[in-house]
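Next come the chains, spelled out residue by residue.
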Amino acid sequence: MVVRRLVARVFWAVSRWKLVSEPAPNRPTVLIGAPHTSNWDFVFMLAIAWRLDLHFRWLGKKSLFRGWRGPIMRRLGGIPVDRDAPALVVSEVLERICSGDVFGLVVTPDGTRKGHSHWKSGFYRIAREADLPVTLGYVDRTTMTTGLGPTIELSGDVPSDMDRIRAFYADKSGARPAHRVEPRLREELAP
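Only a predicted model underlies this, so the values are computations on that prediction, with no experimental measurement involved.

A. Broad picture of a nonpolar patch on the surface. A grouping of M1, V3 and V7 is seen on the molecular surface, where their side chains present a nonpolar patch of about 300 Å² in accessible area. Tracing the backbone shows M1 in the segment before α1 (2–14).

B. Looking closely at the sheet that holds strand β4 (residues 78–81). Strand order in the open sheet formed by seven strands is β1-β7-β6-β2-β5-β3-β4, with mixed pairing between adjacent strands. In the strand order of this sheet, the two ends are held by β1 (18–19) and β4, each with one partner. Looking at chain direction, strand β6 (residues 134–140) and strand β7 (residues 145–152) are connected through six bridges and run antiparallel. Of the residues in β7, the one forming a bridge with G137 is L148. Strand contacts of helix α5 (residues 122–130): β2 (30–34), β5 (104–107) and β6, with the helix running at about 165° to β2, the strand carrying the most contacts.

C. Geometry of the packing of aromatic side chains. Applying the stated criterion to the full structure yields 12 aromatic pairs. Ring centres of W119 and F123 lie 5.9 Å apart, and the angle between their planes is 75°; on these two criteria the pair is classed as edge-to-face. One exposure class covers both W119 and F123, and it is buried. Aromatic side chains F168 and Y169 sit 5.0 Å apart centroid to centroid with 80° between the ring planes, which places their arrangement in the edge-to-face category. Linked through ring pairs, W119, F123, Y124, Y138, F168 and Y169 together constitute an aromatic cluster.

D. Molecular detail of the side chain of D161. By secondary structure assignment, the location of D161 is in helix α6 (residues 158–169). This buried residue, D161, is left without a salt bridge; R164 holds the nearest opposite charge, at 4.1 Å. A distance of 2.9 Å separates a polar atom in the side chain of D161 from a polar atom in the side chain of S155. Excluding its chain neighbours within four sequence positions, the residues that come into contact with D161 are Y124, L154, S155 and G156.

E. How the structure looks around the pattern of salt bridges. Counted by the stated rule, this structure contains five salt bridges. The partner of R5 in a salt bridge is D53, with the nearest N and O atoms 3.2 Å apart. With R5 in helix α1 and D53 in the loop between α2 (40–51) and β3 (56–61), this residue pair connects regions lying 48 residues apart in the sequence. A residue is classified by how much of its surface remains accessible, and D53, at 47% relative accessible area, is partly exposed.

F. Geometry of the side chain of T29. Inspection of the secondary structure puts T29 in the loop between β1 and β2. One polar contact links T29 to T135, side chain to side chain, over a distance of 2.9 Å. Once residues within four sequence positions are removed from consideration, T29 is found in contact with F56, G104, L105, L132, P133, V134, T135 and T151.

Cut-offs applied
Residue positions within a chain follow its written sequence, with the count starting from 1. The model is predicted, so local features are restricted to residues of pLDDT at least 70 and side-chain atom pairs to those at 80 or more, both for listing and for counting; the totals for chains, interfaces and linings are taken over all residues. Values reported for side chains reflect all heavy atoms of the structure, with hydrogen atoms and water molecules removed beforehand. For patches, a residue must show more than 30% relative accessible area and have no salt bridge; joins then use 9 Å for like charges and 5 Å for nonpolar side chains, namely Val, Leu, Ile, Met, Phe, Trp and Tyr. Shrake-Rupley sampling with a 1.4 Å probe provides the accessible areas, and residues are treated as covered by the protein chains on show and by no other component. A pairing counts as a salt bridge when a side-chain nitrogen of Lys or Arg comes within 4 Å of a carboxyl oxygen of Asp or Glu. Per the convention used, a helix needs a DSSP run of H or I reaching at least four residues, while a strand needs a run of E reaching at least two, with both numbered from the N terminus. Paired strands, as defined in this entry, are two strands with at least two bridges between them according to DSSP. Two residues qualify as a contact provided that any one of their heavy atoms is within 4.5 Å of a heavy atom in the partner residue. For helices, the axis comes from a line fit to the C-alpha atoms of the stretch in contact; other axes are also lines fit to C-alpha atoms, and the angle between any two N-to-C directions lies between 0 and 180 degrees. Paired rings are identified among Phe, Tyr and Trp, the last through its six-membered ring, by centres lying within 6.5 Å, and are further divided according to the angle between planes into stacked (under 30 degrees), edge-to-face (over 60) and tilted (the rest). Burial here depends on accessible area, computed with a 1.4 Å probe over protein chains only, as a share of the maximum for the residue type. Under 20% is buried, over 50% is exposed, and the range in between is partly exposed. In this count, Lys and Arg are taken as positive residues and Asp and Glu as negative ones, while His and the chain termini are left out. Pairing of N or O atoms within 3.5 Å defines a polar contact, subject to two protein rules: one partner must be a possible hydrogen donor and the other a possible acceptor, and residues neighboring in sequence count only if both atoms are side-chain atoms.

Treat this as a map of the structure, not an account of what it does.
The structure is reproduced here in structure tokens:
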């Protein structure tokens, strides 16, 4: 859409942040938005998607979709998430994909912006079950850059796949570095 690309161009022209991105994926993907440390991450995500002309949906807590904000958030590609039923979220997204709805999906696996010891595994389960690659999107305050990193295929070997993801995010701090969560799934923490 021409208006979205124009808004994104203006945003990147006036922003102190710089868009530094690998080429956009040429097929649907699960796009990780990390480290998710600030509400500004949402703005960056839209600006990246609109500038690169990507068709993405994103998962957001259901409270964002209440009242007057609901129609706006849905129009911007939002899918409400009930945090009390995370397994339901995965099945709903997979149902949309299996029904032929073609879209990339933005997920912030660190969940809320602070207070967690690990990433949520929904992005991994969705990518594996829908046979989608994972694109590593990022925000890095140390370099004042944001964009898309590599797109990777998951092998199903969780520790190995997460090692690749951790290596990419090792030097990424997020907009608020104090809220950063190490890229590690709960399954990796279990003895």
